Amino acid sequence: MFELERKYFARHQRNLKRKYPDCFVVIKAKRLLGAYATLHDAISAGTCAYPSAAFLATHVNGLDWDVGNTVRIFDRVDPLHSCLLAAGEK
């Protein structure tokens, strides 16, 4: 699992570290969703963008957090609320 995401990250890590120092990034397949200040923000954005799919959330320095079924189950409690919070709404 996450083979495409890990390959993408490995190929782009140097640029990601330079462009987004000390951030977390969300990667799905060969696509960068974005860079985020906190893991929570990265997970929220990934869950909103990919509500029924696994994605990789990792720190640009390479501290990996594989985010998939566990996060989807956690966010099933109220996925809409999670997406609104990620968008800055209450």
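Computed from a predicted structure; not experimentally measured. (Residues numbered from 1 in each chain as written. Predicted model: local features only at pLDDT ≥ 70, side-chain atom pairs only at ≥ 80, totals over all residues. Heavy atoms only, no water.)

Further remarks concern the pairing of strand β2 (residues 31–36). Strand direction decides the pairing type here: strand β1 (residues 24–28) and β2, joined by five bridges, are antiparallel. When the bridges of β2 are listed, Lys28 appears paired with Arg31. (Pairing = 2+ DSSP bridges. Helix = DSSP H or I, 4+ residues; strand = E, 2+ residues; numbered from the N terminus.)

For any two aromatic rings, the description comes down to two numbers: the centre-to-centre distance and the angle of the planes. Under the defined criterion, the tally for this structure stands at one aromatic pair. Each ring, one from Tyr50 and one from Phe55, has its centre 6.3 Å from the other, and the planes form 40°; the classification is tilted. Of the two residues examined, Tyr50 and Phe55, each falls in the buried class. (Phe/Tyr/Trp six-rings, centres within 6.5 Å; stacked < 30°, edge-to-face > 60°. Buried < 20%, exposed > 50% of the residue type's maximum accessible area, 1.4 Å probe, protein only.)

Once that is clear, we can look at the environment of Glu5. Secondary-structure assignment places Glu5 in helix α1 (residues 3–19). In this structure the C-alpha to C-alpha distance between Glu5 and Lys30, which are 25 residues apart in sequence, comes to 6.1 Å.

What follows concerns the nonpolar core. Within the largest apolar cluster, eight residues are counted, these being Phe24, Val26, Tyr36, Ala42, Ala45, Tyr50, Phe55 and Ala57. Contributions of two or more residues to this core are made by β1, α2 (39–49) and β3 (55–59). Core analysis: the second largest hydrophobic core is formed by six residues, Leu16, Val25, Ile27 and Val60 among them. (Core = buried A, V, L, I, M, F, W, Y, C linked by side-chain atoms within 4.5 Å.)

Its identity as a non-glycine residue notwithstanding, Asp22 has a phi of 60°, on the positive side. Here Asp22 is to be found in the loop between α1 and β1. Phi at Ala29 takes a positive value of approximately 55°, unusual for a residue other than glycine. Along the chain, Ala29 turns up in the loop between β1 and β2.

Structurally, the position occupied by Leu16 is in helix α1. Sequence-wise, Leu16 and Leu32 are 16 residues apart; in three dimensions their C-alpha atoms are separated by 9.9 Å. Ignoring anything within four residues of it in the chain, the contact list for Leu16 reads Phe9, Pro21, Val25, Leu32 and Val60. (Contact = heavy atoms within 4.5 Å.)

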